[in-house]
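# Summary of the model geometry
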Amino acid sequence: MLAMQRYNSSVITATVPFCNHTPTVQEPEVEAVVARNATRPPNDPTAAGLTMTLGILFNVVALVILAKAYNRFRRRSKATFLLFASSLVATDLAGHVIPGALVLRRYVSSFRGDPTNPDASCLFMGGCMVFFGLCPLFLGCAMAAERCLGVTRPLLHARLVTTARTKMALALIWLLALCVALLPFFSLGAYTYQYPWTWCFIRVMEDTGATDLAFVMLFSGLALSSLASAFVCNTISGITLVRARLKTRSCSQRRSARSHDTEMVVQLVGIMVTSCICWSPLLVFGLMSATRSYSGFLGNDRDTYRRLMMMGVRMATCNQILDPWVYILLRRAVLRKIYRITKRQASFKGSTFRSVRWDVSSFQNSEKNSVKKI
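Just so you know, these numbers come straight off a predicted model, no measurement behind them. (Residues numbered from 1 in each chain as written. Predicted model: local features only at pLDDT ≥ 70, side-chain atom pairs only at ≥ 80, totals over all residues. Heavy atoms only, no water.)

### Focus: a positive patch on the surface
For the record, the criterion: To count toward a patch, a residue needs a relative accessible area over 30% and no salt bridge; like charges are then connected within 9 Å, while nonpolar side chains (Val, Leu, Ile, Met, Phe, Trp, Tyr) are connected within 5 Å. For the accessible areas, the method is Shrake-Rupley and the probe is 1.4 Å, while residue cover comes only from the protein chains on display. For this document, the term salt bridge refers to a Lys or Arg side-chain nitrogen within 4 Å of an Asp or Glu carboxyl oxygen. Charge counting follows a simple rule: Lys and Arg are positive, Asp and Glu are negative, and His as well as the terminal groups are ignored. Every charge is mapped to an atom, namely NZ of Lys, CZ of Arg, CG of Asp or CD of Glu. Helix and strand definitions follow DSSP, with helices as H or I runs of at least four residues and strands as E runs of at least two, each counted in order from the N terminus. Buried, partly exposed and exposed residues are distinguished by accessible area as a fraction of the type maximum, computed with a 1.4 Å probe on protein chains only: under 20%, between the cut-offs, and over 50%, respectively.
Residues R336, K337, R340 and R344 make up a contiguous surface patch of positive charge. You can see R344 is positioned in helix α11 (residues 332-373). Judged by relative accessible area, which is 57%, R344 ranks as exposed.

This is the structure we're talking about:
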């Protein structure tokens, strides 16, 4: 790295003439070039390729599980939830493959874009980041609202929610996310290369303008509102199920429906928690960076916010890898097996503790009897 810096500085020194009337305007450009060359990450695509492969594998497994479950529950109330869940996993898969392939290609070819001059591929990648970022959050919110209606008002849910209307809602969600992603092409905000200049996102640090700030606030506001709405709906569903559980048990059919509702709400809580953990850093850091850059207070903290944005996008990428595990692990069959294993281990420890306690008490009684005899 030091050799690279010395080589870059020698090239720049050779190309800039030593004269007294050299314009000082070139100095920031020279420093920017040196800084970009000095902060290039190593070109080892192994970790990125492994992460992408695991994400594809997990999403495909989750899709297979959901497809089999949808064929079993096609005519039940769970079919709507499974249709939403399958669309969410398919969206995660596409959002993991398309931007990931572009980043991996640039990572392998050592390509570093110019943050002041984004090309067509950068604009496409930025639009994909916004589209595939909003879609899972919108879908999670819609799934939570659908389950909240199904748990609290089952008759109204059976009358209003149909397969055709669910497909229409999915189309509207994808259309809304697409409209937001296309706003920079209509002069509201802009996409640009982000540190380390291999991925593209909303312009939050490089010459941030009023339209960029408005676009970041719209993107973060919609995403955070979706997370908050999902939290409210899941809380209402959970409280309703707990109250129903505490009441007198009814017929077996009602217990079966309640168990399906519990399984779906548990999965929704897992989706919500995963989305909050993975997406909140990028949303908050992006909003903070854009606000400080627009106000002119970024200054020496630019490198810090660049690293924060890099950490945020990595955590957001983990959401597309962790979402499938919610459906793989939080299924009723898996939860029953975990419950049985835990109960078996608890009963084994309890029996072992009782036997040890009995042995100790019997040993103490034998000692007392021997002392009395003496």
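Next comes the rest of the description.
### Some thoughts on the nonpolar core
Using the following cut-off: Here, nonpolar core refers to any group of buried Ala, Val, Leu, Ile, Met, Phe, Trp, Tyr and Cys residues whose side-chain atoms link them within 4.5 Å. Only heavy atoms matter for contacts: two residues are in contact if any of them lie within 4.5 Å across the pair.
Within the largest apolar cluster, 64 residues are counted, with the highest numbers of intra-cluster contacts made by V130, M143, F201 and I202. Counting residues per element, this core draws most heavily on helix α5 (residues 120-152), which supplies 14 residues. Dropping the residues within four chain positions of it, F201 is found in contact with G126, M129, V130, A190, Y191, T192, Q194, F219, L282 and M309. Listed in part, the 5 residues of the second largest apolar core include A144, C148, A230 and M272.

### Some points on the UniProt feature "transmembrane region" (unreviewed entry) in the protein
Filter applied, for reference: UniProt positions are given in the numbering used here, feature names are shortened, and annotations may be inferred rather than shown by experiment.
Residues annotated by UniProt as "transmembrane region" (unreviewed entry) correspond here to residues 47-67, 79-103, 123-145, 169-193, 213-244, 265-288 and 308-330. Secondary structure content for residues 79-103 is 100% helix and 0% strand, and the end C-alpha separation is 36 Å. The span residues 308-330 is 96% helical and 0% strand by assignment, and the distance between its end C-alpha atoms comes to 31 Å.

### So, the state of the cysteines
For the record, the criterion: Counting rule for disulfides: a pair of cysteine sulfur atoms within 2.5 Å.
By the definition in use, this model includes 1 disulfide. Between the sulfur of C122 and that of C200 lies a disulfide, 2.1 Å long from S to S. Disulfide C122-C200: torsion about the S-S bond near -125°, hence left-handed. Note that C122 is positioned in helix α5 and C200 in strand β2 (residues 199-202), a separation of 78 residues in sequence. No disulfide involves C141; its sulfur sits 6.0 Å from the nearest other cysteine sulfur, which is in C233. Free cysteine C278: the closest other cysteine sulfur is in C318, separated by 5.9 Å.

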